[in-house]
Structure formats: C-alpha cells, structure tokens
Amino acid sequence: MEPISIAMITDFFHPNVGGVENHVYMLSANLIKRGHKVIVITHSHAPDRVGIRWLFPSLKVYYLPFVPIASSATLPNFFTFLPYLRTILIREHIHLIHAHASLSSLGHEGILHSHLLGIRTVFTDHSLFGFEDAASILTNKLLAGTLRNADAVICVSHTGRENTVLRGELVDESGRVRENVYVIPNALVPEHFRPDPPKSSDTVTIVVVSRLAYRKGIDLLIATAPRICNAFPNVRFVVGGDGPKLIDLLQMREELNLQDRIKLLGSIRPNDVRSVLTQGAIFLNTSLTESFGIAILEAACAGLYVVSTRVGGVPEILPDDMISFAEPEEDDVFRAISEAIDIISSGRHDPLRAHEKIKTFYDWAQVAERTEVVYDTVVKSRQMELCERMKRTMGLGPFAGPIYLIILVVDCLFFLFLEWWIPRDDMDFVVNHWDHDRFVQCVEQEQGNNIR
Amino acid sequence: MPSVNFSNSRRQFKLPVIRMSSGNYHDKILWKRPQHSDSFISPGSFLSSLRKNPNFRPYTYWHLVSLSLSVTQHLAMIFIFISVFVRLKERTLDPRLLVWIASTCFILGYVTWQVLDCLCKRPRQGHADRAKNVKSSILIFLSLMSLSPVLRTLTAATSSDSIWALSASLFMLNAVLADYSSSVTLYGPVNERLTSVLSMNAAISSSVVLASRLPDDPAVFALILFSVQAFALFPILRRRLQTCTVVFRAVFTWCLSLAAIILTMPLSQSVAWLYTVVLSFVSLVAPAVLVWAQKYKNEIRGSWDVAVPRVNES
C-alpha cells in the first residue's frame, strides 16, 4: 500500500510499561519500517515529560498537557482535546488515526473528532470486560458510542473479538456482526527471550511472573504451591512481581516453612524478565481473566513449558504441546502442574525447539503487515456522511442516542469555531520528518569537531 | 456470518439458558496465520462460549410478597410514628399514656424474643444476661428522661419548614437503608449490615428534630422513647420474626398496616388513603412488577468473565 501518515492515540504509552504501551510502540516501529509515517499522541507524565519527544526509530510522540486521573487514564471530557488534536493532525498531514485501549478516553475522543478533518479511524481493543457491574455498563456504553462511527476495529484475540462485538454492539441492522472487526494478535520480539543452553539438574523450577493481585489468581497459587512442594521434593518456585497479595504469599511461606522452596523476588524490571524466566523450566499462570496473555508467550519463547488456567484468550495463543490447561480450581491446577513436572522430568519438552516454533508463530513485522491490510481497506472504503453518522448515533438507544448526538453536533460547532479562531493558514506545517542519514551525518560531524 | 440476537424477546424468558452452537476451539487459534482474512468470522465457533442467564431462577409472585412483608412492616411503623407525633403535637394524646403503651410494647416484644429463642433452640440467655438487659433498659429510660428538656430545645430555633423537610428526608433514608433481610438464612445466622445502623441513626435523628416541635418535656420524652422502640428495637425483632411462618408474619403485617391507617384516618383522610395505596403497592403491586420485569433479564456470560477460583478449604 502507499505510505500514509498514521497517528496512534492512546493514554497508555511510554514511559509507562505494560502490554498496551509495548504494543503501540512495536506496531509503530514496524509500520515505520514499512515506510509509513507514524506519530503517537498521548498525555503528559509528571514531572516534565510534556511536549514533543522523539523515540527510536524516528517515532514522534506528542505528550499533551492532560493530567491522568487514575491508572494513567485521563478524564473523558469530549471537547478539550479537539484544539490540540486538530492542530496536530493538520500540521502532520495525518490520513488515519489508530486509537488503542477501551479505557483510554484520548483514544475515544480521537475517534469522535477525526471525521471533522476527513481522517479515517481504526480502534484496537486490548482487554476483556464483563457486563454486570456499574463500571462495566458505563464504559461499555461509552465504547458502543465511540465504535458506532469507527471505520475498523481490531481485537487481539478471538475471545476479545466476541467480547468487543457484544460490548460495542458491533452488529448491523439485521443482527449480523459488522465486517470491519478484525483479529490481529499481539506479538513479541523472540530475540529478547532466547532460552539458556540446557543445563542438567534434578530440580524443576516453576516460575511465576505476575502482578500479585486477585485477578491474577494468586489465591490458586497460594493453595497449590505447598501441595506441589509436598508432593515433589525436587521442585522449587520462583515468584516475580509485587502487589496486594504478596502478604498472603509471604504468610503462607512463613507458616509452612517453605522459605528454601519458594523464592520471592519482588517487582522485576522489564529488562530482567528474561533472566527470571530462564531460571525455570515451567511457567505457571493462574490468571482469572486474560485477553491475550503476553507473559505466557514470553515464557514459552524463553523455552519454558506453560501451565495456565483456561480463561479468556489464553487457549488460543499456543499449540497444545507447549501448554497444559487447568480449570481455575485448586485440584485441577495441582493436576496440571504435576503433569507438567512429569513432562519436564522425562525430557519431553525441548526449550530450543519451542523457541524456534514461537519465532514462526508471532512476529511484529507480520502484525504490522496485517494491520496495514486493515488500514488499506479503511482508506479505500467510503467515508460516512455527517447525516449518516447522526442517524447511526441515534441508534444507540433512547437515552444514550440523543446524548451522543448532542455531543456530536456540539463538536461540529466547536470545530467550526476553531476553524475561525485558529485558521489553517496561520499554522506551521511539518515539512521535515526524521532523516536518519542526515542524523548520522550530523553525529559524525559533531564527533569530528570534538576530536579536533 | 452468525447473527447475534440482542432483542429482549419473550422467548428468553421461556428459555433461560441458550447455548449457542457447540463450536470447537480449533477455529480459534492465533498462533497459525489464518487462511481467511483477519475479519473472517467462523460461524461454528463465534460466541460458542456465550451463555445467557445461566444462573437464572425465576421468582414466584407469592414468594416475593412474603419477602416484601418486612418492608411493609417498616413503612407501617414509620406511618404509625408520624400519626403519634401529630397527636402529641396537637395534644390529643396524653404523653403518659404513650409511655405506658411503649413500655408494654417493649415487654411484649422482649417476651416474644425470648419465646422465639426457645423455639429456635438457641443457646438460652442466662439470668445474668437478663439482668443486664433490664439494667440497660432502665438506663436508657432514665437518660432519655433527663435529656428530654435538652432535646426539646435542641433544634427549636430552626423554622418548621426546615424541620419537616429534614425529617421527611431522614425517614426516607431510614426506609432505604434499613436491613429487611432475615436474621437466619439457609447458611446460618447473619449479622446486621452496616447500613442498618445508619438507618437507625437517621430515624432517631429525625425524631429528635421532630421533638423540638412538641409543647412540653413529657411529650418529648414519650416520643423519643417510642422512636427508640420503633426504629432501634423493632427492626431487630423484625429480623428475628422473619424466621416465623408466613401466616403469622402476614397477620402481623396486616395488623400493623391497619393500625397505621386507622390512626391516620381521623387526622387526614387523604393521607390515610395515600398510606393505603403505598402499603398495598409495596406488598402486592411491586412484587408483580418485579415478576413481570424478569422477562427483560438478559445476563450475558462467557469466557471473558473473571473466573471464580475454587480453593479447597483447609
């Protein structure tokens, strides 16, 4: 496809660390590799990360002066983002925006505003949500309102797609699922998770790397770890991560005198994950909900055999010979770990082969290529008229419909006001993008000067 | 392409559990590049794990009516209290008579409590406990008596409009937060919820602000004593009464409601009719509305829900 300019909009980005942050960065880097121009728009971070920064390789990041309210998400306010967004999108000659994560209000607002500039929209949903509590009901309605007018939706797993289709009401009038809902998985950089050369030893180490919270099923870990230690004298645990359940884990270890069998590492930096993973032969994931489970993939890539609870999108990500599943019950987790220890002890799992296999499964270049197909379809598709947008928005329901319609109309009026207040003629357009050769030249020149 | 039915049709009511196609997981793999485009939806497996209303147990009308009895009792109690207050204020009720009635009710309630304890075969209270109870009731009695002049003038400076508004909202808070559950469920005895304490406080505060409108100290004392019985002690007894047979509770509720209406009738006919409507709505119409509304129940469950870990008890 022709190179285009893409703006990634999300609340979750570097310097924060996490699944979405990493996804956005890796996707952007690989799209740049394919010749596109990519910028990222996100909120500022205290104390001084505000304004425009460049990240390797030539990724321009706009840190807008918005203050996050909770877990790095900004407050949804629908309008204050427009002046910034309009200027940035016009300055950068953006063709398409790609919003990420359903709790990122910047992303939602980007989708709301960009049609005013004739810019196309893609949305990626990274997480799973239920339908029962008040918070889910509200955020789901917000998502449905946003996705009404998005040109394409990408989900990271099949389970995620089912969830997003139901939450975002992505069905047309006849009840069929809309055709612009895609599944494109996450990926990882296999080189970062190379297994260690095999070492012969009788001990089997089980590694857990997870936030120690209820949703990660730490209760199951606390219940099964002592049973495993009892049943298999040659097994030890290494647990990396921090969180509210750490106390329970420490208490269990203290009570049962398992200090020499269960090692708690506390929180670990992303760069150290590999060194923790390669200490073990089995990776245990006891999550109670998981949209994709990138941690499992990283572990499998580092040559570990995986034991996981059968939740969310986890069953989709690995073939059966690399993973054992358990229901989220103490007895079943115990059974699955026992099986895994048996597989490891009898040498039926080859770490290097597993690594090579993962390399062929997941690749960011492939993800970027598949995303590009989505972009291409979107850019070539017909754009909705404002009238059609309004009609679709009204279809949201007797209460939400009119509210969203008012927001849409006020947004249009605000946009017209901005066109008058900050005319396009007065703007500074971006003419030069990052030129790597020029950068190298400058660096060499500078070095030459220093030597002299 | 599979279709998803979002409409809340009647069919769902008849078929509470709808399993979509059985589907297999082979269509749902991410580690192999799909042969179809990324937007292809496999008709066999899409939403294969979706379950609708999996834990659905339809309510029956009479069961709901029996559960609503305690709400009716509570409302009737508030109505009785209001009519007693009006009578005290207009001096048509002798405060001393009210004190006697309240004391008799207290003794009756205490006896009922003891009888229920015997029937439920709970660990019987010893004499020491009973002595303690008597001591604390006398203490409350005396302290209320000594406090009544203070309570009478506490909010005397506030205008009557504010007092009516304040006490109305406090009574609403009281009715909303009250604990209408039973003291014993299938899973054993349950403690009161925190909100029931808030509820009691709201009602007592309400009677304290109302007390400032009364003409003399004995009336204030009688009203506060009555409010302690009606809003602090009666809810505890009511929770215990929940364990009795439905017939007894129905008769008791009927008596209370009738008392509320008869006491209000001479004061204002229109208010009495309003009470009748409210009480019959709560105990007869509201359950019917809930039963009718069940057909709109549409609970969606699937693999995206947070699983509940099952840990063996040690």
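Calculation notes
Residues numbered from 1 in each chain as written. Chains lettered and ligands numbered in written order. Predicted model: local features only at pLDDT ≥ 70, side-chain atom pairs only at ≥ 80, totals over all residues. Heavy atoms only, no water. UniProt positions renumbered as here; feature names shortened; annotations may be inferred. Salt bridge = Lys/Arg side-chain N within 4 Å of Asp/Glu carboxyl O. Helix = DSSP H or I, 4+ residues; strand = E, 2+ residues; numbered from the N terminus. Buried < 20%, exposed > 50% of the residue type's maximum accessible area, 1.4 Å probe, protein only. Polar contact = N/O pair within 3.5 Å; in protein donor to acceptor, adjacent residues only side chain to side chain. Contact = heavy atoms within 4.5 Å. Pairing = 2+ DSSP bridges. Axes fitted to C-alpha atoms, helices over the stretch in contact; angles between N-to-C directions. Buried area = accessible area lost by both parts, 1.4 Å probe. Nonpolar A, V, L, I, M, F, W, Y, C, P; charged D, E, K, R; others polar.

- Identification of chain B as Phosphatidylinositol N-acetylglucosaminyltransferase from Guyanagaster necrorhizus is taken from an unreviewed UniProt entry.
- Turning to chain B, the UniProt annotation filed under Pathway (unreviewed entry) states: "Glycolipid biosynthesis; glycosylphosphatidylinositol-anchor biosynthesis."

- You'll find chain A entered in an unreviewed UniProt entry as phosphatidylinositol N-acetylglucosaminyltransferase, with Guyanagaster necrorhizus given as the organism.
- As its UniProt record puts it under Pathway (unreviewed entry), chain A is described as follows: "Glycolipid biosynthesis; glycosylphosphatidylinositol-anchor biosynthesis."

### A short note on the pattern of salt bridges
Phase 1 of the analysis: Inspection of the entire model under this criterion finds 34 salt bridges over all chains.
Phase 2 of the analysis: For A:Arg227, the salt bridge goes to A:Asp331, with nearest N and O atoms at 2.9 Å. With a gap of 104 residues between them, A:Arg227 in helix 6 (residues 218-231) and A:Asp331 in helix 11 (residues 330-345) connect regions that are remote in the sequence.
Phase 3 of the analysis: Each of A:Glu132, B:Glu299, B:Arg301 and B:Asp305 takes part in salt bridges that share partners, so that together they form one network.

### Comments concerning the side chain of B:Ser167
All names here are of chain B.
Phase 1 of the analysis: With respect to the helices and strands, the residue Ser-167 is situated in helix 5 (residues 160-177).
Phase 2 of the analysis: Under the relative-accessibility criterion, Ser-167 is labelled buried at 6%.
Phase 3 of the analysis: Within the structure, the side chain of Ser-167 is placed 3.3 Å from the backbone oxygen of Trp-164, a separation counted as a polar contact.
Phase 4 of the analysis: For Ser-167, the residues in contact, after removing those within four places along its chain, are Ser-206, Val-209 and Leu-210.

### Examining the sheet that holds strand 10 (residues 181-183) of chain A
Residues and elements named next belong to chain A.
Phase 1 of the analysis: Ordered by their spatial adjacency, eight strands build an open sheet running 3-4-2-1-7-8-9-10, and the pairing between neighbours is mixed. Each edge of the sheet is formed by a strand with only one pairing partner; in this case those strands are strand 3 (51-55) and strand 10. Averaged over neighbouring strand pairs, the angle between their axes works out to 25° when direction is ignored.
Phase 2 of the analysis: Pairing analysis gives five bridges linking strand 1 (residues 5-9) to strand 2 (residues 37-43), with the strands arranged parallel. Each residue of the ladder has a partner; that of Ser-5, found in strand 2, is Lys-37.

### With respect to the UniProt feature "domain: Glycosyl transferase family" (unreviewed entry) in chain A
Phase 1 of the analysis: Per the UniProt annotation, the sites labelled "domain: Glycosyl transferase family" (unreviewed entry) are residues 193-341 of chain A.
Phase 2 of the analysis: Annotated as residues 193-341 of chain A, this span is 36% helix and 20% strand, and its ends, taken at the C-alpha atoms, are 22 Å apart.

### Describing the interface of chain A and chain B
A common way to state how big an interface is: give the accessible area lost once the parts meet.
Phase 1 of the analysis: Contact with chain A, which involves 49 residues of that partner, is made by 35 residues of chain B.
Phase 2 of the analysis: It is A:Glu162, A:Leu166 and A:Arg370 in chain A that bury the most area against chain B; as a group they hold 17% of the surface buried on that side.
Phase 3 of the analysis: Our count for the chain A to chain B interface comes out at five salt bridges.
Phase 4 of the analysis: When the shortest N-O distance is used, the salt bridge between B:Lys28 and A:Glu162 registers 2.6 Å.
Phase 5 of the analysis: Counting only elements with at least two residues in the side of chain A that touches chain B, the list comes to helix 5 (158-167), strand 10, helix 6, helix 10 (314-317), helix 11 and helix 13 (364-380) of chain A.
Phase 6 of the analysis: Of all the elements, helix 5 of chain A adds the most residues to the side of chain A that touches chain B, at seven residues.
Phase 7 of the analysis: In the side of chain A that touches chain B, the residues fall into 26 nonpolar, nine polar and 14 charged.

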